[in-house]
Amino acid sequence: GDGGGVAEPGGPLAPQRVLFPPTFSVSEIKNKQRRHFMFLRWKQQQRKEKLAAKKKRRKEREALGDKAPPKAIPKTIENQRVYDETTVDPNDEEVAFDEATDEFAPYFNRQTVPKILITTSDRPRGRTVRFCEQLATVIPNSHVYYRRGLALKRIIPQCIARDFTDLIVINEDRKIPNGLVLSHLPDGPTAHFRMSSVCLRKEIKRKGKEPTEHVPEVILNNFTTRLGHSIGRMFASLFPHDPQFIGRQVATFHNQRDYIFFRFHRYIFKSEKKVGIQELGPRFTLKLRSLQKGTFDSKFGEYEWIHKRREMDTSRRKFHL
């Protein structure tokens, strides 16, 4: 109704009764405190209804016993993902041929041993320096050098001459590491990542003792498309082939919604059946910005893939890796 009195048949005007219109929303209340209070009450009501529905469903399931229908799978952005036509079928011969002949093939055929150079942008500050040192304890056979005004174009030939297989550059902005360039030597490709949520060892709660020298196991999750495969192979080729399981260390690159989460853990075997994990750090998140053929060349490089937000991010359920 319109909130006015309603004339009852045969009687005078009924007393005023406020009726909220069916489309009423809390945001229409002008008083901020009142609005906040009403919103909290509404949320509380929602929570009660949700709990009651949950209890009801549980009772129904218990009553039906074995005949209960299977539990519904909740809808998530991941399982509602828009189909990507470049998703790799494990049995695809074309992909197998490409991977047998790509720039990482010598590593996967065990013809090369990873040797990594980790460097920074010019004049890095304390946090970036510490991050590079900790990254060097995660990736075996990696060496940290600080750039003193040297251009990347000049560093790369020196790396190739000294048998480095990969170059990692950590960039920073206002003393915070914010970018990572990963270049596979000698022929590329080069990936540019945006880096965020960097956590150094001392900032991680309940962390384990310092990592040991053992070669860690590497886990790559959810790199399903052709582009994702290339990026996964890039990360895999940073680590030596045979992990030393006795060290119980594991480096994980977990891709979720095109964000790559890096974690470094140690397994703790409590008994034959129970196993716990203990984070060693550092941790960080990467988002791919571009993939370039060949080694680093920002001017004349040929790009395989560039992230263009306005064109590519049309749907929240569209992912590229």
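Structure: above.
No experiment lies behind these values; they were computed from the predicted model shown.

This part is about the nonpolar core. If you look at the biggest cluster of nonpolar residues, it comprises 36 residues, and the most contacted ones within it are Ile168, Phe193, Ile231, Phe235 and Ile260. Setting aside anything within four residues of it in sequence, one finds isoleucine 168 in contact with Ile116, Leu117, Ile118, Thr119, Leu135, Ile139, Leu180, Val181, Leu182 and Leu238.

Quick look at the pattern of salt bridges now. Working definition: two side chains of opposite charge can pair if their charged atoms are close together. Within this structure, the stated rule accounts for 11 salt bridges. Here arginine 110 and aspartate 242 are joined by a salt bridge, their closest N and O atoms 3.1 Å apart. In this pair, arginine 110 is assigned in the loop between helix H3 (105-108) and strand E1 (116-120) and aspartate 242 in the loop between helix H6 (226-236) and strand E7 (249-256), connecting sequence segments 132 residues apart. As a salt-bridge pair, arginine 127 and glutamate 203 come within 2.6 Å of each other at their nearest N and O atoms. Note that arginine 127 is positioned in helix H4 (residues 126-138) and glutamate 203 in the loop between strand E5 (190-199) and strand E6 (217-221), a separation of 76 residues in sequence. On the basis of relative accessibility, which here comes to 36%, the residue glutamate 203 falls in the partly exposed class.

A separate point is the side chain of glutamine 249. Considering the arrangement of structural elements, one finds glutamine 249 in strand E7. On the basis of relative accessibility, which here comes to 3%, the residue glutamine 249 falls in the buried class. Among the polar contacts listed, one links the side chain of glutamine 249 to the backbone nitrogen of threonine 212, at a separation of 2.7 Å. If we skip the residues at most four places from it in the chain, glutamine 249 touches Pro211, Thr212, His214, Pro216, Glu217, Phe264, His265, Arg266 and Leu280.

Quick look at the layout of surface pockets now. Considering only enclosed or pocket space, the largest pocket measures out at about 440 Å³ in volume. Surrounding the largest pocket, 23 residues form its lining, Arg226, Leu227, Ser230, Leu291 and Glu304 being those nearest its centre. At the level of elements, helix H2 (93-101), H6 and strand E11 (303-306) are the ones that each hand at least two residues to the lining of the largest pocket. The element best represented in the lining of the largest pocket is H6, accounting for five residues. Looking at the lining of the largest pocket residue by residue, the classes come out as seven nonpolar, five polar and 11 charged.

What counts and what doesn't
Residues numbered from 1 in each chain as written. Predicted model: local features only at pLDDT ≥ 70, side-chain atom pairs only at ≥ 80, totals over all residues. Heavy atoms only, no water. Core = buried A, V, L, I, M, F, W, Y, C linked by side-chain atoms within 4.5 Å. Buried < 20%, exposed > 50% of the residue type's maximum accessible area, 1.4 Å probe, protein only. Contact = heavy atoms within 4.5 Å. Salt bridge = Lys/Arg side-chain N within 4 Å of Asp/Glu carboxyl O. Helix = DSSP H or I, 4+ residues; strand = E, 2+ residues; numbered from the N terminus. Polar contact = N/O pair within 3.5 Å; in protein donor to acceptor, adjacent residues only side chain to side chain. 1 Å grid on protein atoms, 1.4 Å probe; cavity = no way out; pocket = protein on both sides within 12 Å on 5 of 7 lines; lining within 4 Å. Points joined across faces, edges and corners; volume = space filled by probe spheres on them. Nonpolar A, V, L, I, M, F, W, Y, C, P; charged D, E, K, R; others polar.

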